[in-house]
Amino acid sequence: MNDFEQNEIQDTEEPTIVTLLDEDGNEHAFEHVDSFPFNGETYVVLIPTEEEVAAGEADEVLIFTLHTDEEGNEALLFVEDEAELDMAFEEFKSRMQDEFDFEE
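Below or above, wherever it landed, is the structure these notes cover. Predicted model, so just to flag it, every value in this text is computed and none were measured.

Once that is clear, we can look at the pairing of strand β6 (residues 74–78). Along a regular strand, successive side chains alternate from one face of the sheet to the other. As judged from the five bridges shared by strand β5 (residues 62–68) and β6, these two strands associate in the antiparallel manner. Across the sheet, the residue bridging to T68 is E74, located in β6. Once β5 ends, the chain turns through five residues before running back antiparallel as β6, passing G72 with a positive phi of about 90°.

Written out as structure tokens, the structure reads:
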């Protein structure tokens, strides 16, 4: 995905941290920066925490779709379709243009 820089905006709310497991079972912390409905899906946008970036993780935006199963359990699923991912990222950029400087 594309790189970004977060503008210096003082936010009084604590960020929501989401912990994801990689394929080796290692935990990685991400900050939830946005969720939005778009084209019949709910997209969830995460960025690595400052600690993850300092540890060498890329500072990229991660975009997932939010799905709920029959039992009400929620799961984040990777957006695998490149065109869908691009559309969701463009929507995120338009929603967050005042909070982030996006690099092209």
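Further notes follow.
All right, on to the side chain of K93 then. With respect to the helices and strands, K93 occurs in helix α2 (residues 82–96). Taking the relative accessible area as the measure of exposure, K93 reaches 11% and is therefore buried. One polar contact links K93 to E90, side chain to side chain, over a distance of 3.3 Å.

Counted according to the given criterion, the structure contains five aromatic pairs. A centroid spacing of 6.2 Å and a plane angle of 35° characterise the contact between F89 and F92, whose relative ring orientation is tilted. On the criterion of helical spacing, the pair formed by F89 and F92 is a turn pair, its members being three residues apart in helix α2. According to the relative accessible area criterion, F92 is buried, its value standing at 0%.

What counts and what doesn't
Residues numbered from 1 in each chain as written. Predicted model: local features only at pLDDT ≥ 70, side-chain atom pairs only at ≥ 80, totals over all residues. Heavy atoms only, no water. Pairing = 2+ DSSP bridges. Helix = DSSP H or I, 4+ residues; strand = E, 2+ residues; numbered from the N terminus. Buried < 20%, exposed > 50% of the residue type's maximum accessible area, 1.4 Å probe, protein only. Polar contact = N/O pair within 3.5 Å; in protein donor to acceptor, adjacent residues only side chain to side chain. Phe/Tyr/Trp six-rings, centres within 6.5 Å; stacked < 30°, edge-to-face > 60°.

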